Amino acid sequence: MRNVWIICRKELGSYFVSPIAYLLLTMFAVIFGFFFWNMLGIFVVEGMEMQMRGQVYPMNINEQVIRPLLMNAGVIGLFFIPMITMRLFAEEKRTGTIELLATSPIRDLEIIIGKWLAALLLYCCLLLFTALNFAFLFRYGNPDWKPLAMGYLGLLLQAGALLAIGTFISTLTKNQIIAGAATFGVELLLWVIGWVGEYETSGWARGFSYMSITSHFESFGRGVLDSKDAVFYIAAIFLGLFLTARSMESLRWRS
Amino acid sequence: MISVKELTKRYAGIIAVNQISFDVAKGQIVGFLGPNGAGKTTTMRMLTCFLPPSAGTATVAGFDILEQPIEVKKRIGYLPETPPIYPEMETAEYLKFVGKLKGLSGAELRKRIDYVCERCAVGDVKTKLLGKLSKGYRQRVGLAQAIIHNPEVLFLDEPTAGLDPKQINETRDLIKGLAGDHTIVLSTHILPEVEQTCEQVIIINQGKLVATDSVRNLQSRARGAESVLVEVAGRNGSLEVPAVQRKLEQVSGVGRVVCKQQVDSRALFEIESQKGRMARGDLARAVVESGWDLNELRPAAMSLEEIFLQLTKSESAATETAKKESE
Ligand SMILES: Nc1ncnc2c1ncn2[C@@H]1O[C@H](COP(=O)(O)OP(=O)(O)OP(=O)(O)O)[C@@H](O)[C@H]1O
Ligand SMILES: [Mg+2]
């Protein structure tokens with residue numbers, strides 16, 4: 001446990017001394033902010049139009065603003081996660097520092113979890129910016145906080161799974177760009193693969209949409225904790241980290 | 001302290017290390033020699049548990065590298081070919097990180113950081129970014145990193161590469177100073193370094209062990225014939241080299257005489273003879289009686305360089321003839 005923390009601290013350090021962390025934070029804040037004010041604008045205009053027409057439809061800020069925004073945050077994260085994970089192992093392999101880690105009295109798994117945890121913590125920092133936007137809603141409105149909390153839990157689980165996949169891909173190459181591009185490709189595929197479920201209902205289509213990372217987020221977005229979906233994400237995290245461990249072992253065989 | 005048994009490493013297509021076995025006693029400094037691509041780095045990587053061997057095994061500090069790698073790793077320090085530094089860290093921060101990785105903490109860690117900074121002369125760059133250090137300073141930080149936890153066994157892959165002459169001397173002294181409590185294996189291309197620092201030499205070539213012995217034994221073993229160096233000077237400002245050569249050749253027991261260099265009226269000759277057949281007194285008398293001055297007469301120790309070339313050459317020649325025979 002101590003070793004995990006040592007590695008994690010070191011990784012966080014190198015994220016935050018280089019411009020990468022600040023670049024990601026700024027870009028994420030700008031893009032999410034744009035989505036937020038857009039969504040809010042639509043919500044306000046719709047509300048006014050309804051009043052003008054004299055209709056009183058129940059307007060629900062949770063359903064109409066928060067839930068789609070959380071979905072969006074997940075998708076934006078998809079674009080940022082490869083940039084977080086691509087350097088984790090590729091960089092160490094390129095500069096040879098992996099020789100230091102691998103000849104120190106510390107287990108492979110501790111290295112892997114330390115790195116993955118650092119990536120997850122950086123992602124949490126990104127999410128903190130979304131929380132600032134939501135704080136604004138609480139200041140001027142009265143949304144329900146429980147679905148929001150559940151949504152964040154879902155976002156974290158989803159990111160954990162995607163980060164684990166990215167960590168695995170980073171062990172396969174010495175080249176950060178390749179690691180990043182491959183991670184992005186795989187994650188994009190895991191997102192769009194669920195779309196087949198919208199027009200097909202046969203077995204393979206259900207299998208595909210089950211594999212889709214984003215389809216499991218829906219229940220969290222609605223504020224429901226569905227154990228099936230939580231189990232999916234946790235299993236994906238374990239699988240990703242397990243593959244990373246296997247890859248690290250065989251990496252020594254090959255390198 | 002280190003015991004290697006038939007260690008082998010195969011990469012796709014080539015055998016980088018081929019069944020090498022050797023032992024290193026506690027407290028010794030061993031020089032690991034071989035031409036480029038001989039398999040030195042590969043062997044070190046296997047002994048430090050970075051690469052698993054394809055066959056064979058070894059024990060380091062009393063633990064098997066395959067069975068108990070963590071125990072081995074606790075007791076070794078390793079300086080890889082390229083110093084494993086993080087360019088975005090400062091020197092002190094980096095040493096602290098490595099120290100923690102090796103299991104140090106608190107006051108002991110601080111003490112060790114100060115100690116290695118002083119020993120490896122990196123105190124003046126403590127707050128500099130590693131990425132901005134010169135090659136030599138990176139090497140020093142790499143060395144500091146390897147000894148931070150006071151390991152029993154040290155593996156140093158070309159520790160003096162990129163250092164300036166003063167620092168090379170200091171590093172050699174440092175390495176010598178560490179011997180005794182520490183067992184040290186160092187690979188290098190600089191042969192005088194081995195002669196100066198190491199007690200034992202392991203020579204490998206094309207993945208095979210060629211020789212393992214003490215430096216002195218190797219020297220006497222490689223010298224089948226005995227040779228002496230003689231410096232002769234003419235008395236009146238001139239010297240006829242061929243005449244001296246002829247005269248020396250007439251001395252009994254002398255085989256070949258070669259003039260190595262000539263400056264003004266002085267000339268240096270290397271005289272080869274069969275072992276034990278040559279009387280140095282006869283040589284001296286021959287020179288003086290002919291009216292020349294004898295400036296110097298000393299045995300020509302074969303340099304490690306020559307031994308090295310001889311051993312690695314004969315090895316590859318042997319494999320070549322073996323190849324021809326099999327054809
Ligand atoms: N990852 C690898 N894949 C394939 N072959 C390799 C690999 N690493 C090393 N080799 C080969 O193994 C052999 C031994 O290499 P090694 O690096 O151990 O040599 P060395 O003795 O350290 O040489 P140098 O003096 O140049 O450092 C070489 O022929 C090299 O090409
Ligand atoms: Mg080498």
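It should be noted that the structure appears before, not after, this text.
The structure contained in this document is the topic of the report that follows. Keep in mind the model is a prediction, meaning the values are calculated, not measured.

1. Here we look at the coordination of the magnesium ion (ligand 2)
All names here are of chain B. Around the magnesium ion (ligand 2), the donor atoms from the protein are T41 (OG1) and E81 (OE), and they sit 1.9 to 2.2 Å away. Placement of the pair is T41 in helix α1 (residues 40-47) and E81 in the loop between β6 (76-79) and α3 (91-101), with a sequence separation of 40 residues. A relative accessible area of 15% means that T41 is categorised as buried.

2. Overview of the site of ligand 1
Taken together, 15 residues lie around ligand 1, and G37, K40, T41, T42 and E81 of chain B are the ones closest in. Nearby residues around ligand 1 are contributed by chains A and B. Contacts to ligand 1 include A38 of chain B, whose backbone N or O atom sits 3.2 Å from an oxygen atom. Here an oxygen atom of ligand 1 and a side-chain polar atom of E81 of chain B are 2.5 Å apart. Only β2 (14-24) and α1 of chain B provide two or more residues apiece to the shell around ligand 1. Among the elements that line the shell around ligand 1, the one with the most residues is α1 of chain B, at three residues. For the shell around ligand 1, the residue count by class is four nonpolar, seven polar and four charged.

3. Some points on the packing of aromatic side chains
Using the criterion set out here, one finds 16 aromatic pairs over all chains in the structure. Pairing F79 of chain A with F184 of chain A gives two aromatic rings, centres 5.3 Å apart and planes at 50 degrees, and the pair type is tilted. With F79 of chain A in helix α3 (residues 61-85) and F184 of chain A in helix α8 (residues 176-192), this pair connects stretches of sequence that are 105 residues apart. Note on F79 of chain A: relative accessible area 39%, which makes it partly exposed. On the accessibility criterion, F184 of chain A (27% relative accessible area) is partly exposed. Taken together, a centroid distance of 6.0 Å and an interplanar angle of 50 degrees make the contact between F22 of chain B and F32 of chain B tilted. Linking F22 of chain B in strand β2 with F32 of chain B in strand β3 (residues 29-33), this pair joins segments that are ten residues apart in sequence. Note on F22 of chain B: relative accessible area 5%, which makes it buried. Given a relative accessible area of 1%, F32 of chain B falls into the buried group. Against the face of F89 of chain A rests K115 of chain A, its NZ or CZ located 5.0 Å from the ring centre.

4. Side note on the interface of chain A and chain B
Contact with chain A, which involves 25 residues of that partner, is made by 30 residues of chain B. In this structure, the salt-bridge partner of R45 of chain B is E99 of chain A, at a minimum N-O distance of 2.9 Å. Along the contact surface separating chain A from chain B lie eight residue pairs in polar contact (both at pLDDT 80 or more). For the side of chain A that touches chain B, the elements supplying multiple residues, two or more each, are α1 (2-17), α4 (87-95), α5 (98-102) and α11 (227-254) of chain A. It is α1 of chain A that contributes the most residues to the side of chain A that touches chain B, seven residues altogether. Here the side of chain A that touches chain B is composed, by residue class, of ten nonpolar, seven polar and eight charged.

5. Considering the side chain of N133 of chain A
Within the element layout of this structure, N133 of chain A appears in helix α6 (residues 108-140). Once you skip the residues sitting within four places of it in the chain, N133 of chain A turns out to touch F32, G33, F36 and W37 of chain A.

6. Considering α1 of chain B
Residue and element names in this part refer to chain B. Judged by how many residues are buried, α1 sits mostly within the fold: eight of eight residues are covered. If you check which residues of α1 are buried, you get K40, T41, T42, T43, M44, R45, M46 and L47. Backbone geometry just downstream of α1 places C49 in the positive-phi region, at approximately 65 degrees.

7. Considerations on the packing of α6 of chain A against helix α7 (residues 145-170) of chain A
All names here are of chain A. Between α6 and α7, whose axes approach to 10 Å, the crossing angle comes to 155 degrees. By the angle class used here, α6 and α7 are roughly antiparallel. α7 is crossed by α6, and the crossing has right-handed handedness. For the pair α6 and α7, the contacting residues are W116, A119, L120, Y123, C124, L127, T130, A131, F134 and F138 in the first and W145, L148, Y152, L155, L156, A159, G160, L163, A164 and T167 in the second. Grouping the constituent residues of the contact of α6 with α7 by class yields 17 nonpolar, three polar and no charged.

8. Section: the pairing of strand β7 (residues 153-157) of chain B
All names here are of chain B. Most of β7 is tucked away, with five of its five residues classed as buried. Residue alternation in β7 divides its side chains into two sets, V153, F155 and D157 and L154 and L156, and both sets are buried. Across four bridges, the pairing between β6 and β7 is parallel. Following the sheet pairing, I76 is matched in β7 by V153. Where β7 and strand β8 (residues 183-187) come together, five bridges link them in parallel fashion. Within β8, the position partnered with L154 by the bridge is I184.

9. Description of the sheet that holds β7 of chain B
Strand pairs in the sheet, formed through backbone hydrogen bonds, run parallel or antiparallel to each other. Residue and element names in this part refer to chain B. Pairing is mixed across the open sheet formed by six strands, whose spatial order is β6-β7-β8-β3-β9-β10. Both edges of this open sheet fall to β6 and β10 (208-214), since each of them pairs with a single strand only. Strand-to-strand, the axes of this sheet are offset by a mean angle of 15 degrees, without reference to chain direction. Sheet topology note: the strand β9 (residues 200-205)/β10 ladder contains six bridges and is antiparallel. Each residue of the ladder has a partner; that of Q200, found in β10, is S214. Contacts from helix α5 (residues 135-147) reach β6 and β7, with the element oriented near 170 degrees to β6. Its contacts with the sheet put helix α6 (residues 165-178) on β3, β7 and β8, and the angle it makes with β8 is roughly 145 degrees.

Scoring rules and cut-offs
- Residues numbered from 1 in each chain as written.
- Chains lettered and ligands numbered in written order.
- Predicted model: local features only at pLDDT ≥ 70, side-chain atom pairs only at ≥ 80, totals over all residues.
- Heavy atoms only, no water.
- Donors = N, O, S within 2.8 Å, 3.2 Å for Na, K, Ca; no water.
- Helix = DSSP H or I, 4+ residues; strand = E, 2+ residues; numbered from the N terminus.
- Buried < 20%, exposed > 50% of the residue type's maximum accessible area, 1.4 Å probe, protein only.
- Near = heavy atom within 4 Å.
- Polar contact = N/O pair within 3.5 Å; in protein donor to acceptor, adjacent residues only side chain to side chain.
- Nonpolar A, V, L, I, M, F, W, Y, C, P; charged D, E, K, R; others polar.
- Phe/Tyr/Trp six-rings, centres within 6.5 Å; stacked < 30°, edge-to-face > 60°.
- Lys NZ or Arg CZ within 6 Å of the ring centre and 35° of its normal.
- Contact = heavy atoms within 4.5 Å.
- Salt bridge = Lys/Arg side-chain N within 4 Å of Asp/Glu carboxyl O.
- Axes fitted to C-alpha atoms, helices over the stretch in contact; angles between N-to-C directions.
- Parallel < 35°, antiparallel > 145°, perpendicular 65-115°, else oblique.
- Left-handed = near helix turned anticlockwise from the far one by under 90°.
- Pairing = 2+ DSSP bridges.

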